[in-house]
Amino acid sequence: MKTGCLFGTFDPPHNGHVAIAQAMLERAGLNEVWLVVTPLSPFKQGNVISADSVRLYMAELAVRELPGIRASDVELGLPQPNYTAETLAEMRRRYADEDFSLIMGSDNLAGLHKWKAPEKILEHHRVLVYPRPGAELHRQQAVFAEHANVQWVEAPLMDLSSTRIRQRVRDGQDISGMVPPAVKDYILANGLYKD
């Protein structure tokens, strides 16, 4: 099985995440895409995020009717802080029959050389890159842009962020069209992001 892994805090998961997952499923030769719900990133220490169980449930809601796409809690039970290279190594141990690819935006590829053990990631996994605003500049800046295991995949250019969605909820603004309807309903029913 060829499985693409899109890591994120998904606080909340939005239509951009879903569109990227669908594009990767269609265009990158994958059998499945997993939205891998992460604890707080080592790059985002000091931020406050919703409980792991809440974010996992929202990710499940976002993709529950999409064949080939599912939410994964694999990283939530691992020692923290989480580093993608270590998580992927654990996933290779747990799921020996899976061929995992790492899905990331062009902005993350530009900073991949700053991650822990990026060479290990590239040694064992394809890195599937989708465009983010500024993609051409990211490509020029990326140390690994032309690496044999880096594959640029045509995907919708989404200028959506969970940060902006949380702010809109705080401000009492509508988030229809930004998140899947089931996620919107869950956010509103549970009073998330109000303070």
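These numbers come from a predicted model, not from an experiment.

Procedures and definitions
- Residues numbered from 1 in each chain as written.
- Predicted model: local features only at pLDDT ≥ 70, side-chain atom pairs only at ≥ 80, totals over all residues.
- Heavy atoms only, no water.
- Buried < 20%, exposed > 50% of the residue type's maximum accessible area, 1.4 Å probe, protein only.
- Helix = DSSP H or I, 4+ residues; strand = E, 2+ residues; numbered from the N terminus.
- Polar contact = N/O pair within 3.5 Å; in protein donor to acceptor, adjacent residues only side chain to side chain.
- Contact = heavy atoms within 4.5 Å.
- Core = buried A, V, L, I, M, F, W, Y, C linked by side-chain atoms within 4.5 Å.
- Expected span 1.5 Å × (residues − 1).
- Pairing = 2+ DSSP bridges.
- Axes fitted to C-alpha atoms, helices over the stretch in contact; angles between N-to-C directions.

Q: Could you give an account of unusual backbone geometry, naming the residues involved and the relevant values?
A: In the segment running from D11 into P12, the intervening peptide bond is cis, with an omega of 5°. For the peptide bond that leads from Q80 to P81, omega is 0°, which places it in the cis range. Phi at A117 is positive, roughly 50°, even though this residue is not glycine. Exposure remark for A117: the relative accessible area of 30% places this residue in the partly exposed category. Although it is not a glycine, Y193 sits at a positive phi angle of roughly 65°. Relative to the helices and strands, Y193 is located in the segment after α8 (181-189).

Q: So, the side chain of H14: which residues are in play, and what are the values?
A: As for its placement among the helices and strands, H14 is situated in the loop between β1 (2-8) and α1 (15-27). Side-chain polar atoms of H14 contact the backbone nitrogen of G16, separated by 3.0 Å. When sequence neighbours within four positions are dropped, the list of residues in contact with H14 reads L160, S161, S162, I165, M178, V179 and P180.

Q: Tell me about the nonpolar core, residues and numbers included.
A: If you look at the biggest cluster of nonpolar residues, it comprises 39 residues, and the most contacted ones within it are M24, M58, I103 and I187. Contributions of two or more residues to this core are made by α1, β2 (32-37), α2 (52-63), β3 (69-72), β5 (127-130), α7 (162-170) and α8. Counting residues per element, this core draws most heavily on α2, at seven residues. When sequence neighbours within four positions are dropped, the list of residues in contact with M58 reads F10, D11, P12, P13, V183, Y186, I187, L192 and Y193. Counting residues in each nonpolar core, the second largest holds 22 residues, with A85, L88, F144 and V150 among its members.

Q: Report on α1, specifying residues and quantitative values.
A: The periodicity of an α-helix, 3.6 residues per turn, causes residues three or four positions apart to be oriented the same way. With 13 residues, α1 ought to run about 18 Å at 1.5 Å a step, and its terminal C-alpha atoms sit 18 Å apart, in line with that. Looking only at α1, the buried set comprises G16, H17, V18, A19, I20, A21, A23 and M24. Positive backbone phi, at 65°, marks G29, one or two positions downstream of α1.

Q: Describe helix α3 (residues 84-94), listing the residues and the values that go with them.
A: Every buried residue belonging to α3 is among T84, A85, T87, L88, A89, E90 and M91, and all of these are buried. Lining the buried residues of α3 we find β1, β2, β4 (99-105) and α5 (118-124).

Q: Tell me about the sheet that holds β5, and please be specific about residues and values.
A: Within the open sheet, the six strands sit side by side as β3-β2-β1-β4-β5-β6. Their pairing is parallel. Because the sheet does not close on itself, it has two edges, and the strands there are β3 and β6 (150-152). Averaged over all pairs of adjacent strands, the angle between strand axes in this sheet comes to 30°, irrespective of strand direction. With six bridges joining them, β1 and β2 adopt parallel strand pairing. If you follow G4 over to β2, its bridge partner there is V33. Contacts from α1 reach β1, β2, β3, β4, β5 and β6 within the one sheet, and its direction differs from that of β2 by about 145°. The strands touched by α3 are β1, β2 and β4; relative to β1, the strand with the most contacts, the crossing angle is about 145°.

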